[in-house]
Amino acid sequence: MSDTFDIGLGNNFPEIREKADSDFISFWEQQAKNLHWFSPWERVLNWNPPFARWFEGGTINASYNALDVHQEQKSQKTAIFWEGENGDSKVLTYAELFESVKKLANVLVSLGVKKGDRVTIYLPMIPELPISMLACARIGATHTVIFSGFSATSIKDRVVDSHSKVIITADGGYRRGKVVPLKEIIDESISELDFIEHVLVVKRTNSEIQMNSVDSYYDELMEKSSAQHLAVSLESTHPLFILYTSGTTGKPKGVLHGTGGYLTHLYSTYKWAFDIKDSDVYFCTADIGWVTGHSYVVYAPLLHGATQVMYEGAPDFPDASRIWNILQKYHVSIFYTTPTALRMFMKFGDDIPNSFDLSKIRLLGSVGEPINPEVWRWYYRTIGKEKCPIIDTWWQTETGGMLISALPGIETIPLKPGSGTKPIPGIQMSVVDENGNDVKRGTKGYLIIRNQWPGMLQTLWGDDEKYKTVYWSKYENCYYPGDYALEDEDGYFWLLGRADDVLKVAGHRIGTAELESCIVSHTDVAESAVCGIADDVKGEVIISFVVLKQNTTKDTKSLESEIIQKIREDIGAIATPKEIHFVSKLPKTRSGKIMRRLLKAIASNEKIGDISTLEDGTAISEIQTAFDELQKSIKENSN
Ligand code: WTA
């Protein structure tokens, strides 16, 4: 299928796969023993389809495993080299991180936060963000982190859904040199909520903010707080966090993760994929507001007592050399980023990375979207100097951790640019057709997972039914991730993008349904459909089609800016469409379904021939007519 790179790096422990293949349950049981447990489990997996309870009866604490366990040997080791966007920096040792987390745990308890309560965290990429998550974990509160790019309305929906009575935020955050007024956004989001008891405010930008009756400054409470705190012993299945993510229908869903299984999955995959050593300096560019940040910035590195770099801002601010500067400054040895970031770096040219000392790098990772083979090769040659494996990791918010990845920590296999290689040990995966039959190797189909894994989501917060239908109803007893894939002759998996109405814009997950209902809520809009089209930096960008109400008198220019404004207010700037086309009607099949692929084809300038077979049950002539009408309508409206 393509060239392979056999760089021969890595360990070779074939017995790990053999054990996992023969009995995945006792295999994961063995892995769980790498963690600290207050008391052992009674049952490794209680599988009550489709609900999994891992290490049932065992008691554990995530914060204890991230911090307490390192205090004897590594208290003076750097946990986090923090780099602020504005040039500020901080170094936190494991002892310092431990102390802050214990103090904040006591603060939360003093505010009345109890085991099982939810705490919303809306913070920029500053050390207080992992500290807040670990403090929640320490007392058994379930954290729900909201990416700092989401709007007040999005926050409100999430705070209401999780019923968080306590919120942790900051006066502001830096993004591209500007201050994002986080506290103001929180104030707006909770203005109509009567159940918010406390808002803790971290000072980051020293912006002028209004302090209300529920507000307290984080620093002031921390100063008075004791640093003595014993981590609470929690059931392995205790909910560690809720993370909202977009799906095919409605508003974002709260993906719920437990503790013992999730940590076991992260501990193992981090060791296998990144072959983590005590001497490594690891840097993952993901924002903690997304799952990669939860799993591979906060929990996995800390479980291993690793040293990592955490960066606050935009990767190209103040200029295109920022990231390479950080890699050089901190002697980064493992770098984990997204294809979108790589495509951007690649455009800036090789001279920039070539002018930095990147010689410490030994492993390079990619996550969040398919990596184009040419970008893979650039990463391999220009950044890795042809000596570092590219670890392309496929997984999802729902899977908790990596499920497909090259694993130099346990095996050496040739790499193929654009393929994540094989499923991790213990995972049974297939590529199937619409009816659930395995397709022939080399054929595109739907990816499914046939067994359970410890990092899997427990359910969707407050909605077991939706959990069942979204992930477990398409194929009996199999988990359906919603991705297209292909397994090649060598058993390598190639991930080919979403098979559903979820977009990946710059690696961020955006649901078309959510966006459409936001656009339709504009008073002048009758109907809307959005689709994603290929973009050479962001992977995908959003194109939206809008049918206006008949009596609308406004001009399309002002309507366009009103719609964009609405999207920013209701969802956030990340969901802004690249183009809005005003059309007289949307192309529909006879049964009334919007012909999305036709929209996509038009938006990407494809020819009708390429799509005529794609719309089930509709005659080619009808598609042709719809196509022509739509094109005409776009032309008329853009004149
Ligand atoms: C996509 C991000 C190809 C995929 C960790 C998945 C990928 C969705 C890869 C989950 C990859 C993630 N290659 N596609 N290496 N990694 N995806 O929940 O479509 O934000 O279903 O989790 O990202 O996105 P999420």
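None of the values given here were measured: they were computed from a predicted structure.

## Some thoughts on the overall build of the protein
- The secondary structure content of the protein amounts to 20 helices and 30 strands.
- The globule rule puts the C-alpha radius of gyration for 639 residues at 26 Å, and the 24 Å found for the protein is close to it.
- C-alpha extents for the protein along the principal axes are approximately 75 × 60 × 55 Å.
- By residue count, 61% of the 639 residues in the protein fall in the buried class.
- Contacts in the protein between residues at least 24 apart in sequence constitute 71% of all its contacts with a sequence separation of at least 6.
- Split by element, the accessible area of the protein, about 24,900 Å² in all, is 47% carbon and sulfur.
- The averaged location of the 84 negative side-chain charges in the protein is 1 Å from the averaged location of its 67 positive side-chain charges.

## Points about the side chain of Asp280
- Structurally, Asp280 is set in the loop between helix H10 (260-274) and strand S16 (281-284).
- From its side chain, Asp280 meets the backbone nitrogen of Lys277 in a polar contact 2.8 Å long.

## Side note on the sheet that holds strand S22 (residues 444-449)
- Pairing within the open sheet is antiparallel, and its four strands lie in the order S21-S22-S24-S25. The outermost strands of the open sheet, each flanked by one partner alone, are strand S21 (429-432) and strand S25 (493-498). On average, adjacent strands in this sheet sit at an angle of 45° to one another, irrespective of strand direction.

## What to know about the site of the ligand
- Of all residues adjacent to the ligand, which total 17 residues, the nearest are Thr393, Thr397, Asp483, Lys504 and Arg509.
- Contacts to the ligand include Asp392, whose side-chain N or O atom sits 2.8 Å from a nitrogen atom.
- Here Gln396 contributes a side-chain N or O atom positioned 2.9 Å from an oxygen atom of the ligand.
- For the ligand, the accessible surface in isolation is 530 Å², of which the surrounding protein chains cover 96%.
- Going through the elements one at a time, helix H11 (291-303), strand S20 (390-393) and S25 are the ones with two or more residues in the shell around the ligand.
- By residue class, the composition of the shell around the ligand is six nonpolar, five polar and six charged.

## Describing the environment of Gly400
- Within the element layout of this structure, Gly400 appears in the loop between S20 and S21.
- Separated by 108 residues in the primary sequence, Gly400 and Thr292 have C-alpha atoms spaced 8.8 Å apart.
- In this structure, Gly400 is in contact with His257, Tyr262, Leu266, Ser295, Trp395 and Gly455, ignoring residues within four places of it in sequence.

## Some thoughts on the confidence of the model for the protein
- In this model, the protein carries a mean pLDDT of 94, and residues with pLDDT of at least 70 account for 97%.
- Confidence, expressed as mean pLDDT per element, reaches its minimum in the protein at helix H20 (residues 620-638) with 73 and its maximum at helix H6 (residues 128-139) with 99.

## Comments concerning the pairing of strand S6 (residues 118-122)
- In terms of burial, S6 is a largely internal element, five of the five residues being buried.
- Neither face of S6 is exposed, since Arg118, Thr120 and Tyr122 on one face and Val119 and Ile121 on the opposite face are all buried.
- One ladder, built from four bridges, connects S6 with strand S7 (residues 142-145); its direction is parallel. Among the inter-strand pairings, Val119 is bridged to a residue of S7, identified as His143.
- The pairing of S6 with strand S8 (residues 166-170) spans four bridges and is parallel. Within S8, the residue paired with Ile121 across the bridge is Ile168.

## As for the layout of surface pockets
- Taken as a whole, the second largest pocket holds about 230 Å³ of empty space.
- Along the walls of the second largest pocket sit 13 residues, with Arg17, Asp21, Pro423, Ile427 and Gln428 positioned nearest its centre.
- Element by element, the count of residues in the lining of the second largest pocket is highest for helix H1 (residues 14-22), at three residues.
- Looking at the lining of the second largest pocket residue by residue, the class counts come to six nonpolar, three polar and four charged.

## Quick word on the nonpolar core
- Core analysis: the biggest nonpolar cluster contains 181 residues, and Leu108, Tyr299 and Trp324 have the highest contact counts within it.
- The contact partners of Tyr299, leaving out residues within four places of it in the chain, are Ala62, Met133, Leu134, Ala137, His143, Leu240, Tyr262, Leu263, Leu266 and His294.
- Judged by nonpolar contacts, the second largest core, of 19 residues, contains Val541, Ile543, Val547 and Leu598.

## Some words on the sheet that holds S16
- A sheet is described by the order of its strands in space; here seven strands give the open sequence S5-S4-S17-S16-S18-S19-S20, paired in mixed fashion. The two strands at the open ends of the sheet, each matched to only one other strand, are strand S5 (89-93) and S20. The sheet shows a mean angle of 20° between the axes of neighbouring strands, direction not considered.
- Strand direction decides the pairing type here: strand S4 (residues 78-83) and strand S17 (residues 307-311), joined by four bridges, are parallel. What sits directly across from Glu83, in S17, is Tyr311.

## A closer look at the packing of helix H5 (residues 94-110) against H6
- Taken N-terminus to C-terminus, the directions of H5 and H6 make an angle of 60°; their axes are 8 Å apart at the nearest point. Put simply, H5 runs oblique to H6. Like other packed secondary-structure pairs, H5 and H6 cross with a definite hand, here right-handed. Mapping the contact onto sequence places Leu97, Phe98, Ser100, Val101, Lys102, Leu104, Ala105, Leu108 and Val109 in H5 and Ile131, Ser132, Leu134, Ala135, Cys136, Arg138 and Ile139 in H6.
- Considering only residue class, the contact of H5 with H6 consists of twelve nonpolar, two polar and two charged.

Each value, and the rule that gives it
Residues numbered from 1 in each chain as written. Predicted model: local features only at pLDDT ≥ 70, side-chain atom pairs only at ≥ 80, totals over all residues. Heavy atoms only, no water. Helix = DSSP H or I, 4+ residues; strand = E, 2+ residues; numbered from the N terminus. Rg over C-alpha atoms; globule rule 2.2 N^0.38 Å. Buried < 20%, exposed > 50% of the residue type's maximum accessible area, 1.4 Å probe, protein only. Contact = heavy atoms within 4.5 Å. Areas by Shrake-Rupley, 256 points an atom, 1.4 Å probe, with all protein chains shown as cover. Lys, Arg positive; Asp, Glu negative; His and termini not counted. Charge placed at Lys NZ, Arg CZ, Asp CG, Glu CD. Polar contact = N/O pair within 3.5 Å; in protein donor to acceptor, adjacent residues only side chain to side chain. Pairing = 2+ DSSP bridges. Axes fitted to C-alpha atoms, helices over the stretch in contact; angles between N-to-C directions. Near = heavy atom within 4 Å. Nonpolar A, V, L, I, M, F, W, Y, C, P; charged D, E, K, R; others polar. pLDDT = per-residue confidence, 0-100. 1 Å grid on protein atoms, 1.4 Å probe; cavity = no way out; pocket = protein on both sides within 12 Å on 5 of 7 lines; lining within 4 Å. Points joined across faces, edges and corners; volume = space filled by probe spheres on them. Core = buried A, V, L, I, M, F, W, Y, C linked by side-chain atoms within 4.5 Å. Parallel < 35°, antiparallel > 145°, perpendicular 65-115°, else oblique. Left-handed = near helix turned anticlockwise from the far one by under 90°.

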